[in-house]
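# Topology and contacts: notes
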Amino acid sequence: MKRSDLVADTAIALLAERGMRGLTHRAVDEAASLPPGSTSNLARTRAALLELTLARLTELESTVFDPEALASPVTADGVARVVARALHAQLLDRRRTLARYELALEATRRPELRAVYDLAGRRFREVAVALLVAMGSADPERHAGELVAFAEGLMFYAVAGAGGTSAEDDLRRAVADLLTGMLR
């Protein structure tokens, strides 16, 4: 494993366990069993550490969302299946989702992190727009935003609300219901 991945993976775990206050260069060094100063050598500032962590988180999250798994033609049920699989994977590894929420909140206070966070999120929205275009949406940009917001809401409800982790099939039905309503 590359040292940058080790540092970022450790930072993700620390964000999930301790929150933003628990993420320090020293804490990453200790939790990753690295010599003191290793994290600082890789990411000099807190901003650099947050950006490294967000980049790794985006990389990990993109591996669970596989739009290539869709059959052609793209259908609401196929999209619902792929989205539900991705959501379920995110919810099974709650650490990533909790870390992303910590970073999202921090991005509201740090414009430089907001720019990185928004760029990362745009990749997922662009895929959603393309899928909705393929399904014949009358307003794919708006519908993509609504699909992403719906998925975020499901994850937040499961991780921070009272929802708990839903079965993948329950998630598929919820996403299918949303898409059916959008595409009427």
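My aim in this report is to walk through the structure given alongside it, one point at a time. (Residues numbered from 1 in each chain as written. Predicted model: local features only at pLDDT ≥ 70, side-chain atom pairs only at ≥ 80, totals over all residues. Heavy atoms only, no water.)

## Some thoughts on the pattern of salt bridges
For the structure shown, the criterion picks out 18 salt bridges. A salt bridge links D118 to R114, with the shortest nitrogen-to-oxygen separation between them at 3.1 Å. You can see D118 and its partner R114 sitting in helix α7 (residues 111–134), four residues apart, about one turn around the helix. What emerges from the salt-bridge pattern is a single network uniting D77, D169, D170, R172 and R173. (Salt bridge = Lys/Arg side-chain N within 4 Å of Asp/Glu carboxyl O. Helix = DSSP H or I, 4+ residues; strand = E, 2+ residues; numbered from the N terminus.)

## Concerning the packing of helix α5 (residues 76–92) against helix α6 (residues 94–107)
The contact between α5 and α6 brings their axes to 4 Å, and the two run at 90°. By the criterion of interaxial angle, the relationship of α5 to α6 is roughly perpendicular. Across the interface between the two elements, A89, Q90, L91 and L92 from α5 touch R94, R96 and T97 from α6. Split into classes, the residues belonging to the contact of α5 with α6 amount to three nonpolar, two polar and two charged. (Axes fitted to C-alpha atoms, helices over the stretch in contact; angles between N-to-C directions. Parallel < 35°, antiparallel > 145°, perpendicular 65-115°, else oblique. Contact = heavy atoms within 4.5 Å. Nonpolar A, V, L, I, M, F, W, Y, C, P; charged D, E, K, R; others polar.)

## Examining helix α4 (residues 46–64)
Between its first and last C-alpha, α4 extends 28 Å over 19 residues, near the 27 Å set by a 1.5 Å rise per residue. Looking at α4, one finds that the buried residues are A47, L49, L50, T53, L54, R56, L57, T58, L60, E61 and V64. (Expected span 1.5 Å × (residues − 1). Buried < 20%, exposed > 50% of the residue type's maximum accessible area, 1.4 Å probe, protein only.)

## Points about the packing of α5 against helix α9 (residues 168–182)
For the pair α5 and α9, the least separation of the axes is 8 Å and the interaxial angle reads 135°. Relative to α9, α5 is oriented oblique. As α5 runs across α9, the sense of the crossing is right-handed. Mapping the contact onto sequence places A76, D77, V79, A80, R81, V83, A84, R85, L87, H88 and L91 in α5 and E168, L171, R172, V175, A176 and L179 in α9. (Left-handed = near helix turned anticlockwise from the far one by under 90°.)

## A closer look at the layout of surface pockets
Estimated volume of the largest pocket: approximately 530 Å³. Taken together, 25 residues line the largest pocket, and the ones lying closest to its centre are R100, F124, V148, E152 and M155. For the lining of the largest pocket, the secondary-structure elements that each account for two or more residues are α4, α5, α7 and α8 (140–159). Per-element accounting of the lining of the largest pocket gives the leading share, eight residues, to α7. Taken together, the residues that form the lining of the largest pocket break down as 17 nonpolar, three polar and five charged. (1 Å grid on protein atoms, 1.4 Å probe; cavity = no way out; pocket = protein on both sides within 12 Å on 5 of 7 lines; lining within 4 Å. Points joined across faces, edges and corners; volume = space filled by probe spheres on them.)

## What to know about the packing of aromatic side chains
Under the counting rule described, the total for this entry stands at one aromatic pair. Where Y101 meets F156, the ring centres are 5.4 Å apart and the plane angle is 70°; that geometry is what we call edge-to-face. A residue pair is termed long-range when its members are at least 10 positions apart, and Y101 in helix α6 and F156 in helix α8 qualify at 55 residues. With a relative accessible area of 14%, Y101 lands in the buried category. (Phe/Tyr/Trp six-rings, centres within 6.5 Å; stacked < 30°, edge-to-face > 60°.)

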